[in-house]
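# Architecture and fold: a report
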Amino acid sequence: MRRDVVDIWDMVENPVKTREGINVNLSGSQGEGFRLEGSDIDAMFWPNNHRVIWELSQSQYYNTHRQTLILCDCSDSPPGFTLLYLLSPSMNRQVQRACIRMNNRHYVSSSKYRQIMCLDSTQHGPCASGTIGTQDYDHAYCFVCDFWPPSASSWIDRCHSWPQPHIVDDIVKNGCHFVAIGHKLGSHEDHEWRMSFSLAEKKLVCAMNHCQFLTYGLLKFLLTEIINNGVGDDDKLLCSYHMKTAVFWVIQQNTIPHWCPQNLLGGFWVCFKLILKWVYEGVCPNFFIPENNMFLSKIHGEAQHQLFIRLYGLYEKGLAFLLHSPSIRFFIINVLHNPRLSICTDEHTLISETKFDVNMFSEIQCYASLLRLNPQSCMRFLDTIEQMISSPFLTQNQVLMLQKLTANVLQSTAFILHMKTCAHKNKLRYRAEKISFYMLKLAAKLGYITDMLYIAMYYYRTLRYMEALSIIEMIKVKLAQPYVMYGDHVDTVMYTEAVGGQSWSTKMRQAIAGEVILYNKIHYISELIPEQQSALLNNLFVLIVPPFILLYMLQILCYRHVDTMRAKTAVDDLQTLIHYDHDQLISLDYRDISWQILGICQQVTGNPQAALYSYQQSLRQDPPNEILQTATEMRIHELYR
């Protein structure tokens, strides 16, 4: 399900990015289907009008007037690394600025390119690292090659039993990428590029059976919670990529004849022993290019010796060392205390319907908020979605994700249309409003209950306060139903009685509430524009608001124009909710925006002292969030004037 959701996000986002000159792909553990605490969102970005080739004869496959060709020069680089030199001038400014001259050729320097592309972020290996909202990210800026590397041809010959031939063919025809980092022992470390097989690895992880995937997950826990526990970032010698490589090698070499749930710990132990052997020998062969020893520049000498002693100490304890993993210990202790219990690893044993739905709708909400909507992209997204709707190959999970993305795009398009036509003559404005309202009604039929809030926002923006209040009352009634699911808050019995066994589409429309996503280049409520601009200053393209907070805000803003007493009562209700809610209707991540909105409502209803307190509370939330800080400080300054 998780992979399906990510794949649909990729399929919708990529055609739009391609037209903007960029390709993007979600990689790493998120793309593989893991949701481990503290894991980043990893993404790769590359210009679609630049292509890397291995030999000059491959240039015949490209229109050199439209494509900038880059030739590999591996002659003086370690295995798995190369220099890249331009065969023709690039019109890309970042590429131009990253060029250096060597041997009368223009090479693209990896260190310069990385420095340019990571300007607003922290450099982490070849990636730009940072935080968007509450989510950490690693963005790798790279180049693509449509051809399989000659140095990786031995990998094709090794694929006798795994993966299957059609997967091998698919991987090979999609080539590889080059990420901006050189080999520490290479002659041109600052200018070399590393070959990346991230997309191939994603396909290989998807080709794992259930037991193999669980083994990979166990190795991740071994790494983060045991091997690297208490070790500083600079002293961590092993990484998740080494764990993944070990699983790949063990599967392909048929070390384990039967990968099945009953043999889960046996498979894990074989992988662990392989890692121990690699550390002892100081050699970790890259899965695609074995000549590339991934330990060469880091795991050697005293560091290698100390790491081996640490791992060998675990080996001597046997599988009991898994008791040191907080994530695993709970399950093992349960079985030790009650031998009749067993840890279920059977892929045919399903979790409850409600638990699955909680995970699925949370996943959809998360990735729907990652869609980069703005006035230039909405029509392109609608184009892409229209082409995808008729595909017979979409899974049920993918259809549901597409349905929610469609709702988001329609809502944004409606508000953009209003922004562009609100100053026009009456007839044109009337037609635009009619189309916008139709799109919002359609989006409400496709999305969550809380997607009706966009209709209320539209009514407020077009000064139809009574209509907005009518919609708000309708939403209140729907949200008050005892079976409504919001995040992981749900009454399992009520939810099952109300919508159990029904289609996911029906559940989404009748029983699911989600945060409201406001794209910061689109104006929804004029009173929130400073907050959206503050978020944009921090490179955040969405502002996320808890639905119950936004519902009260709209109610207060509308009553302010039609019934001031009711407006003040609604402010009191909002204040009570924020003061006494304990992570039920307001997640800790959104308490800052909730206090901010309370302050705005108190200010517009004539209570500046209370507003000042609320703004100060917004700044005091833990962890501190810089996203709203500019807007909050501006509002506090206004109150002091």
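What this report covers is the structure whose coordinates are included nearby.

Rules used in this analysis
- Residues numbered from 1 in each chain as written.
- Predicted model: local features only at pLDDT ≥ 70, side-chain atom pairs only at ≥ 80, totals over all residues.
- Heavy atoms only, no water.
- Helix = DSSP H or I, 4+ residues; strand = E, 2+ residues; numbered from the N terminus.
- Rg over C-alpha atoms; globule rule 2.2 N^0.38 Å.
- Buried < 20%, exposed > 50% of the residue type's maximum accessible area, 1.4 Å probe, protein only.
- Contact = heavy atoms within 4.5 Å.
- Axes fitted to C-alpha atoms, helices over the stretch in contact; angles between N-to-C directions.
- Parallel < 35°, antiparallel > 145°, perpendicular 65-115°, else oblique.
- Phe/Tyr/Trp six-rings, centres within 6.5 Å; stacked < 30°, edge-to-face > 60°.
- Pairing = 2+ DSSP bridges.
- Salt bridge = Lys/Arg side-chain N within 4 Å of Asp/Glu carboxyl O.
- Polar contact = N/O pair within 3.5 Å; in protein donor to acceptor, adjacent residues only side chain to side chain.
- Left-handed = near helix turned anticlockwise from the far one by under 90°.
- Nonpolar A, V, L, I, M, F, W, Y, C, P; charged D, E, K, R; others polar.
- Expected span 1.5 Å × (residues − 1).

### Some remarks on the overall build of the chain
What the chain contains, in helices and strands, is 26 helices and 16 strands. In terms of overall size, the chain behaves like a compact globule, its C-alpha atoms giving a radius of gyration of 27 Å where 641 residues would be expected to give roughly 26 Å. Each principal axis of the C-alpha distribution contributes one length, and for the chain these read about 80 × 70 × 55 Å. Residue burial in the chain is summarised as follows: out of 641 residues, 52% are buried. Long-range pairs, those at least 24 residues apart, make up 67% of the contacts in the chain between residues at least 6 apart in sequence.

### What about the packing of helix H15 (residues 396–421) against helix H17 (residues 453–461)?
Contact geometry of H15 with H17 gives a least axis separation of 11 Å together with a crossing angle of 5°. Here H17 runs roughly parallel to H15, going by the angle between their axes. Between H15 and H17, the contacting residues are Gln411, Ala414, Phe415 and His418 on the first element and Tyr454, Met457, Tyr458 and Arg461 on the second.

### Side note on the side chain of Thr413
Inspection of the secondary structure puts Thr413 in helix H15. Exposure remark for Thr413: the relative accessible area of 10% places this residue in the buried category. With sequence-adjacent residues up to four places away left out, Thr413 is seen in contact with Cys378, Met379, Leu382 and Met439.

### Details of the packing of aromatic side chains
Enumeration according to the criterion identifies 38 aromatic pairs in this entry. A ring pair is formed by Phe415 and Tyr458, whose centres lie 5.7 Å apart and whose planes are at 80°; its orientation type is edge-to-face. With a gap of 43 residues between them, Phe415 in helix H15 and Tyr458 in helix H17 connect regions that are remote in the sequence. Owing to a relative accessible area of 0%, Phe415 belongs among the buried residues under this scheme. Ring geometry for Tyr454 against Tyr524: centres 6.2 Å apart, planes inclined by 65°, an arrangement best described as edge-to-face. Of the two residues, Tyr454 is situated in helix H17 and Tyr524 in the loop between strand S15 (516–519) and helix H21 (529–537); the sequence distance between them amounts to 70 residues. In this structure, Tyr454 and Tyr524 share a single accessibility class: buried. Within the aromatic cluster, the residues linked to one another by ring pairs are Trp148, Trp155, Trp162, Phe197, Phe248, Trp249, Phe287 and Phe288.

### Thoughts on the pairing of S15
Along a regular strand, successive side chains alternate from one face of the sheet to the other. Neither face of S15 is exposed, since Val516 and Leu518 on one face and Ile517 and Tyr519 on the opposite face are all buried. Pairing geometry for S15 and strand S16 (residues 542–545), over four bridges, is antiparallel. Across the sheet, residue Leu518 finds its bridge partner in S16, namely Leu543.

### Examining the pattern of salt bridges
Under the criterion given, the structure shown has 14 salt bridges. The closest approach of N and O atoms between Lys244 and Glu32, which form a salt bridge, is 2.7 Å. One end of the pair, Lys244, is in helix H9 (residues 240–252); the other, Glu32, is in helix H2 (residues 28–32), with 212 residues separating them in the sequence. Exposure remark for Lys244: the relative accessible area of 8% places this residue in the buried category. Note on Glu32: relative accessible area 2%, which makes it buried. Two residues, Asp451 and Lys404, come together in a salt bridge whose shortest N-O distance is 3.1 Å. With Asp451 in the loop between helix H16 (426–446) and H17 and Lys404 in helix H15, this residue pair connects regions lying 47 residues apart in the sequence. With relative accessibility at 3%, the residue Asp451 sits in the buried group. Residues participating in the shared-partner salt-bridge network are Glu32, Glu201 and Lys244.

### Considering the environment of Arg35
Relative to the helices and strands, Arg35 resides in the loop between H2 and strand S2 (41–47). Between the C-alpha atom of Arg35 and that of Arg2, which follows or precedes it by 33 residues, the distance is 8.9 Å. Within the structure, the side chain of Arg35 is placed 2.8 Å from the backbone oxygen of Gln30, a separation counted as a polar contact. There is a polar contact of 2.3 Å between the side chain of Arg35 and the side chain of Glu363.

### Side note on the packing of helix H14 (residues 378–389) against H15
At their nearest, the axes of H14 and H15 sit 10 Å apart, and the two run at 150° to each other. Here H14 is positioned roughly antiparallel relative to H15, judged by the angle of their axes. Every pair of crossing elements has a handedness; the one defined by H14 and H15 is left-handed. Within the contact between the two elements, H14 uses Cys378, Met379, Phe381, Leu382, Ile385, Met388 and Ile389 and H15 uses Leu402, Leu405, Thr406, Val409, Leu410, Ser412, Thr413 and Ile416. Across the contact of H14 with H15, the residue classes break down as twelve nonpolar, three polar and no charged.

### With respect to helix H22 (residues 547–562)
Since the α-helix turns once every 3.6 residues, residues separated by three or four places project in the same direction. Taking 1.5 Å as the rise per residue, H22 with 16 residues should run 22 Å; its terminal C-alpha atoms sit 23 Å apart, in good agreement. Most of H22 sits out of view: 13 of its 16 residues are buried.

### Looking at unusual backbone geometry
Keep in mind that most residues, glycine aside, have a negative phi and that most peptide bonds are trans. Across the junction of Trp162 and Pro163, the peptide omega takes the value -10°, indicating a cis bond. Locating Pro163 in the fold gives a position in the loop between helix H5 (153–158) and helix H6 (165–173). At Leu463, a residue that is not glycine, the phi angle is positive and equals roughly 65°. Turning to its location among the elements, Leu463 is positioned in the loop between H17 and helix H18 (465–479). Classification of Leu463 as exposed rests on a relative accessible area of 59%.

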